[in-house]
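Summary of the model geometry
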Amino acid sequence: METQPKQKGKPGGIGLTALTAMVVTSSIGAGVFALTSDLATAASPGPVLIAWGLVGFGILMLALSLNNLVLKRPDLEGVFAYAEEGFGQYAGFISGWGYWLSSWMGNVAFATVMMSAVGYFIPIFKSGNNVPAIITASIISWCLTYIVNRGVESAAILNAIITICKLIPLFTFIVFSILLFKANAFTAHFWNNVSGNFSGGAGVGFQIKNCMMVMMWVFVGIEGATMMSSRAKKKSDAGKATILGLICLLSIYVLASVLPYGYMTRAELTTIHQPAMVYIFKSMVGNWGGALISLGLIISTLGSWLSWTMLPAETVMLMSKRKLLPPIFGKKNKHGAPTFSLVMSGALIQVFLFTLLFTDRAYNFAYSLCTAAIVICYIFVAAYQVKYSYQHLSEKGNLIQLFVGAFAFIFECVGIYMAGLQFVLLCAIAYIPGFFLFMKTRKDAGYDKWFSRIESIVTAAIVTGAVLGIVLLTMGRISV
């Protein structure tokens, strides 16, 4: 394979500051507003800080891998295209289907956390997953689907408003958390569990493991930021912006999630209503604080929800274009929107929303499945980074890129194991209908057989995982 020509800087393109801001604002979503309580449930402040260091390093390796591939293979469209280019059509389908699953499952997480925020003003919605909340979320979901189907995309002014609504409440919360921080409260139980008995509670390693899924969730979407590197004014700015942006993100996440340990006890943080930041800030400054965070969260989530309504439809449309799914998924209406793909994704979101009536931790369940699905795609990205760098090892800088990809690959594999293999088993169930669509696509394309020998083995393993997931779910061994 010939090396693709590297992109030069784009005259009049995006500068370093604007590019860094894009990395930050495109990655911050609803997760940060619920972060503190989720982490307090998992660990004390000491293990949380170690976990942030590990996750920060791993995500940096992934982002640098994406940045390198965007610059060296600008011809590849869609994150899942790296899997197809590096490991064949079947790998492209596995990666793309996982990315699509993650996209619409992420919308379910947005729905639950946004309705919980609305519950600050209208208490009936407070749980985020009761009948009124799910009906309202369903109406919003279909309205956003209709808007996107009409070809209406978020304008620059809307993005600016959403960015302000994300950052102002976060910075306000962080400032007050610093002012009200009590060092003695923060260090009182720095390593131990809620019971206050280090030897009788969860060990540091176990606490770090428990942090992984929620921490990986708040970085979902980082690939969207690195895709902007092709629009940089100077090519060198792309890598700098990725590093600076991730440092900014990590600083915001660490401060927003760890400082509250110095205001409330861990026991109090674990039992606080979600979204945790709303009720922590209310406790700090009164009702206006809760209202400020809630309004910021509602507008921020709506903006993310709109973008992620486009994303799943766009993903399967690109998969259809690359002959990984039947042509109907790529069919566009007169507005240039993929109607069938939008409606199908909307219907699946609807079904999943109703299933949340049967779980006590709806938001956690939704983001865990979303994260597990997208990590499958990230693993392929890291693997292709390793393969590409190895194939062009004689070129300057590719030895370093090889190690970057290897670290990213190890991090994603270990991360998904630590976060919980039960969610991978549940995602495997959602792959089964995808296999039928993939088989139909190959049949229509005139393939002699649906799968090669290796592909058959992988398919059988995934189906076995799906069956195991169903069995464990019915036995109550997997809790939702």
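Relevant structure appears above.
Below you will find a few notes about this structure. Predicted, not measured: the structure shown is a model, and the values here were computed from it.

**Focus on the overall build of the protein**
When helices and strands are tallied, the protein shows 19 helices and zero strands. Looking at the protein residue by residue over its 480 residues, the buried ones come to 55%. Nonlocal contacts in the protein, meaning residues at least 24 apart in sequence, comprise 83% of its contacts between residues at least 6 apart.

**Here we look at the packing of helix H6 (residues 131–149) against helix H14 (residues 287–321)**
For any two helices packed against each other, the geometry is given by the interaxial angle and the distance between the axes. Viewed as axis vectors pointing N to C, H6 and H14 meet at an angle of 55 degrees, and their least axial separation amounts to 9 Å. The orientation of H6 relative to H14 falls into the category oblique. Where H6 crosses over H14, the handedness of that crossing is right-handed. Facing H6, whose interface residues are Ala-137, Ile-140, Ser-141, Leu-144, Thr-145 and Val-148, H14 presents Leu-302, Trp-305, Leu-306, Thr-309 and Met-310. Residue composition of the contact of H6 with H14, grouped by class: eight nonpolar, three polar and no charged.

**A short note on the environment of Thr-41**
Its location among the elements puts Thr-41 in helix H2 (residues 35–42). Thr-41 gets classed as partly exposed once you look at its relative accessible area, which sits at 39%. In the structure, Thr-41 is positioned 229 residues away from Thr-270 in sequence and 5.1 Å away in space, judged by C-alpha atoms. Here the side chain of Thr-41 touches Ser-37 through a polar contact of 2.9 Å, landing on its backbone oxygen.

**Some thoughts on the environment of Pro-326**
Assignment of secondary structure puts Pro-326 in the loop between H14 and helix H15 (339–355). It is 8.4 Å that separates the C-alpha atoms of Pro-326 and Asp-444, two residues lying 118 residues apart in sequence. Discounting chain neighbours no more than four positions away, the residues touching Pro-326 are Ser-320, Leu-437, Lys-440 and Thr-441.

**A closer look at a nonpolar patch on the surface**
On the surface, a nonpolar cluster with roughly 640 Å² of combined accessible area is contributed by Phe-57, Tyr-390, Leu-393, Leu-399, Phe-403 and Phe-407. Among the elements that line the nonpolar patch, the one with the most residues is helix H17 (residues 398–419), at three residues.

**Thoughts on the packing of aromatic side chains**
Note on aromatic pairs: each is described by the distance of the centres and the angle between the planes. Applying the stated criterion to the full structure yields 32 aromatic pairs. An angle of 20 degrees between the planes, with centres 6.0 Å apart, marks the rings of Trp-52 and Tyr-253 as stacked. Taken as a pair, Trp-52 in helix H3 (residues 45–72) and Tyr-253 in helix H11 (residues 235–258) lie far apart in primary sequence, 201 residues in all. Residue Trp-52 is classed as buried on the basis of its relative accessible area, which comes to 1%. Taking relative accessible area as the criterion, Tyr-253 reaches 1% and is therefore assigned buried.

Conventions used here
- Residues numbered from 1 in each chain as written.
- Predicted model: local features only at pLDDT ≥ 70, side-chain atom pairs only at ≥ 80, totals over all residues.
- Heavy atoms only, no water.
- Helix = DSSP H or I, 4+ residues; strand = E, 2+ residues; numbered from the N terminus.
- Buried < 20%, exposed > 50% of the residue type's maximum accessible area, 1.4 Å probe, protein only.
- Contact = heavy atoms within 4.5 Å.
- Axes fitted to C-alpha atoms, helices over the stretch in contact; angles between N-to-C directions.
- Parallel < 35°, antiparallel > 145°, perpendicular 65-115°, else oblique.
- Left-handed = near helix turned anticlockwise from the far one by under 90°.
- Nonpolar A, V, L, I, M, F, W, Y, C, P; charged D, E, K, R; others polar.
- Polar contact = N/O pair within 3.5 Å; in protein donor to acceptor, adjacent residues only side chain to side chain.
- Patch = residues over 30% accessible without salt bridge, like charges linked within 9 Å, V, L, I, M, F, W, Y side chains within 5 Å.
- Areas by Shrake-Rupley, 256 points an atom, 1.4 Å probe, with all protein chains shown as cover.
- Salt bridge = Lys/Arg side-chain N within 4 Å of Asp/Glu carboxyl O.
- Phe/Tyr/Trp six-rings, centres within 6.5 Å; stacked < 30°, edge-to-face > 60°.

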